[in-house]
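# Secondary and tertiary structure notes
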Amino acid sequence: MKKLFNSILTIACMFLIGACAKIDPQFALKSESKTLTSLQVNFADGTGGFHPTTSEPYGSEITVEIPWYYPEGSYKETSLDSLFVTGTIPNSSIMMPSFGLTNLSSPKSYTLKAQNGETQAYKITAVRKKSNKAEIVSFKLKEADINGVVVNNKVFIPYTDVNLSNQTAIVELSYYAKISPDPSAAHDYSKPVKYTVTADDGTTKEFSVELGTPVKLAKGFSTVKKLWSKSSGDLGFEDYRQLSIATSGDYFVLPNSNEWVGGSSIKYYNRKTGAPAGNLNVTGVNGIYAVANDSKGKIVGINNLYAGNNVCLYVWDNVSAAPKLLARTTDWSSVAGAFYGRKVAVYGDLSANAIIMATTDGKNVGGANNVLKWTVQGGQIISQDPEVITYSKTYDYVAKAVPTGALPTSDFYFVSNSPAFMNYVSGMSKSIQYSFNSSFINNPRGNIGGAAYFEFNNAKYFAVDDASAYSSAMHIFDVTDPAKISTSTSSGDYAAFHVFDGSADYIASPSPNWNVTGDIAIGSVSADGYTMTVYFLVTNGGVVAYELSCIDPNGF
């Protein structure tokens, strides 16, 4: 990206200026900072992505657990003798020895030296660990063809008039776990049936399968479960190429974005496991830079300035479909010849009513500072040329406009990576209605790499990526009442506003993500309405998948 090259030039100029200038006395004091953050351990091939067992700030003793088998689900045993260690240290500090490829078969000692000469010792210990997961992932009565609903340590079979006295079951367990008694043998499920699930490390969990109906919360979600986390090595990332993410059916989609060359490459992956599944058909499509999905899983892609085909939107009905041209502008006036296409967002159903939004680069870097807005009504795009909204606040390269409705007058969110800000904007007047407080989270990393708006179980949410070049974490806020958007961490209402903190599940970027990019995609709500999925992407880092559930764990 241009931002990366401009940053390098800026740093070089700073060195030249610094060589000729006297140091201001207030900056003469050397830093005493010697705190290690965002530690991550990968295998030598870049796969993995394992964090310490304790959260930040780390103590002097740091333990990282390495799974006994990897990838998860395989029986390929791991080794500790060739692991790649990365972490974030303060500016002007030195880690001795340097992080990198390391033999952690035995504990490794490090010393972090601050600018003022003070030191902090760290000892990193890697431990191979068998899985302690002992869960029933899914449960189905085979003969009755009835799916159970798993809630904590219970499996509820919906009430039915089918005879359940002699049923076998198809059960999916956590990887490597075993279950007793054998569910493939017939049991009488008209009354509770007890099962014991044993994890690979011997951990056990008791489950009861019984008739019942889960109850939803009146509003919002009750739990967030991390389904999986995949590193950049697991997903085959190239540096700075994975900038956006979309979902479609059983898959999530990642374009391999490159603004400097033509052509398009878009991979898709199994959304339940993160395993590579194929490549989108990109016949006749040039320069796809970002993607998004509508409510039915249709994929929208936008090209970039160097595609040489004016501003184009393409749509795929699913991952097996051929692309179709949805819109092509009549000229370059909507982007004023500036770069565009870093972000795109969709609200609604493209077969019915929807809004599509994209952005150009900002005025701070010579861009147009524009939001591009296309309206779809009755399955037809209203105009090949978008409505152009020149945003009222200037920004740099990466910004995202996120619609909250399918009407031409629907409000939208606008987020900027740098300078970092998040605003809620009137769709009618285009004026800012509310702004997120600068202290919307504690100890922010300083940039906003991506964002998504979604609705689930009578509540409205805004998910954002708190990002730095070295690591990123996802947070979710309840924005059902837009007036709450300005809530700060010091407010008594903060806990009800900040409904998910993903700091512990941060994704580190072993190759620093200097452009500080990433994105968030929303999967569809399950057929029973109990769950939905959220996918969090970090450029150079990887993807984490979360499942949100609105089942009341105490209401049956």
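Summary of the structure given here. (Residues numbered from 1 in each chain as written. Predicted model: local features only at pLDDT ≥ 70, side-chain atom pairs only at ≥ 80, totals over all residues. Heavy atoms only, no water.)

What follows concerns the overall build of the protein. Of regular secondary structure, the protein possesses three helices and 42 strands. The globule rule puts the C-alpha radius of gyration for 556 residues at 24 Å, and the 25 Å found for the protein is close to it. When the accessible surface of the protein is split by element, carbon and sulfur atoms take 51% of a total near 24000 Å². When the 43 positive and 47 negative side-chain charges of the protein are each reduced to one mean point, those points stand 3 Å apart. (Helix = DSSP H or I, 4+ residues; strand = E, 2+ residues; numbered from the N terminus. Rg over C-alpha atoms; globule rule 2.2 N^0.38 Å. Areas by Shrake-Rupley, 256 points an atom, 1.4 Å probe, with all protein chains shown as cover. Lys, Arg positive; Asp, Glu negative; His and termini not counted. Charge placed at Lys NZ, Arg CZ, Asp CG, Glu CD.)

Here the focus is the environment of Gln377. Summarising the element assignment, Gln377 is placed in strand β28 (residues 370-377). Taking C-alpha positions, Gln377 is 61 Å from Thr111, a pair spaced 266 residues apart along the chain. Discounting residues that sit within four places of it in the chain, Gln377 has contacts with Ala352, Asn353, Ile382 and Pro408. (Contact = heavy atoms within 4.5 Å.)

With that settled, consider the sheet that holds strand β22 (residues 290-293). Across the sheet, which stays open at both edges, the four strands sit in the order β22-β23-β24-β25 with antiparallel pairing between neighbours. The open sheet is flanked by β22 and β25 (324-328), the only strands paired with a single partner. The mean angle between the axes of side-by-side strands here comes to 25°, regardless of whether they run parallel or antiparallel. Across four bridges, strand β23 (residues 299-302) lies against strand β24 (residues 312-316) in antiparallel orientation. Looking at β24, one finds that Ile299 is bridged to Trp316. (Pairing = 2+ DSSP bridges. Axes fitted to C-alpha atoms, helices over the stretch in contact; angles between N-to-C directions.)

Ile302, Val311, Leu313, Val344, Leu350, Ile356 and Trp374 are the most contacted members of the largest nonpolar core, which totals 25 residues. Listed by contribution, the elements that provide at least two residues to this core are β22, β23, β24, β25, β26 (340-348), β27 (354-360) and β28. Leu36, Ile62, Tyr70 and Ala126 belong to the second largest nonpolar core, which has 24 residues in total. (Core = buried A, V, L, I, M, F, W, Y, C linked by side-chain atoms within 4.5 Å. Buried < 20%, exposed > 50% of the residue type's maximum accessible area, 1.4 Å probe, protein only.)

To continue, consider the pattern of salt bridges. It is possible for side chains bearing opposite charge to pair when their charged atoms get close. The final tally for this structure, using the stated rule, is 21 salt bridges. For Arg241, the salt bridge is made with Glu238, and the minimal N-O distance between the two is 3.7 Å. Owing to a relative accessible area of 39%, Glu238 belongs among the partly exposed residues under this scheme. A salt bridge links Lys430 to Glu387, with the shortest nitrogen-to-oxygen separation between them at 3.5 Å. A residue pair is termed long-range when its members are at least 10 positions apart, and Lys430 in the loop between β33 (421-425) and β34 (432-435) and Glu387 in strand β30 (residues 387-390) qualify at 43 residues. With a relative accessible area of 23%, Lys430 lands in the partly exposed category. In this structure, a network of salt bridges that share partners links the residues Glu259, Arg342 and Asp361. (Salt bridge = Lys/Arg side-chain N within 4 Å of Asp/Glu carboxyl O.)

On to a nonpolar patch on the surface. A cluster of nonpolar side chains, Trp260, Val261 and Tyr306, forms an exposed patch at the surface whose accessible area comes to about 310 Å². In this fold, Trp260 is placed in the loop between β19 (251-255) and β20 (266-270). Residue class for Trp260 comes out partly exposed when judged on its relative accessible area of 46%. (Patch = residues over 30% accessible without salt bridge, like charges linked within 9 Å, V, L, I, M, F, W, Y side chains within 5 Å.)

Moving on, we get to the side chain of Lys343. If you trace the backbone, Lys343 turns up in strand β26. Of the side chains with opposite charge, Asp519 comes closest to the buried, unpaired Lys343, at an N-O distance of 4.1 Å. Only 3.1 Å separates the side chain of Lys343 from the backbone oxygen of Gly449, close enough to count as a polar contact. If near-sequence neighbours (up to four positions away) are discounted, Lys343 is found in contact with Leu243, Ala290, Met357, Ala358, Thr359, Val398, Ala399, Lys400, Gly449, Gly450, Gly518 and Asp519. (Polar contact = N/O pair within 3.5 Å; in protein donor to acceptor, adjacent residues only side chain to side chain.)

Here the focus is the packing of aromatic side chains. The tally for this structure, following the rule as stated, stands at 38 aromatic pairs. Ring geometry for Tyr175 and Tyr176: centres 6.2 Å apart, planes at 50°, overall tilted. Between Tyr306 and Phe339 the ring centres are 5.9 Å apart and the planes differ by 45°, which places this aromatic pair in the tilted class. With Tyr306 in the loop between β23 and β24 and Phe339 in the loop between β25 and β26, this residue pair connects regions lying 33 residues apart in the sequence. (Phe/Tyr/Trp six-rings, centres within 6.5 Å; stacked < 30°, edge-to-face > 60°.)

Next up on the list: the pairing of strand β21 (residues 276-279). Sheet topology note: the β20/β21 ladder contains three bridges and is antiparallel. Among the inter-strand pairings, Lys267 is bridged to a residue of β21, identified as Asn279. Counted between consecutive antiparallel strands, the loop separating β20 from β21 contains five residues, among which Gly274 sits at a positive phi close to 85°.

This part is about the sheet that holds strand β8 (residues 119-129). Spatially, four strands are ordered β3-β8-β7-β5 in an open sheet, and the strand pairing comes out mixed. Taken across any chain shown, the strands that pair with only one partner, and hence form the sheet edges, are β3 (61-67) and β5 (94-96). Taken over all neighbouring pairs, the strand axes of this sheet differ in orientation by 25° on average, direction set aside.

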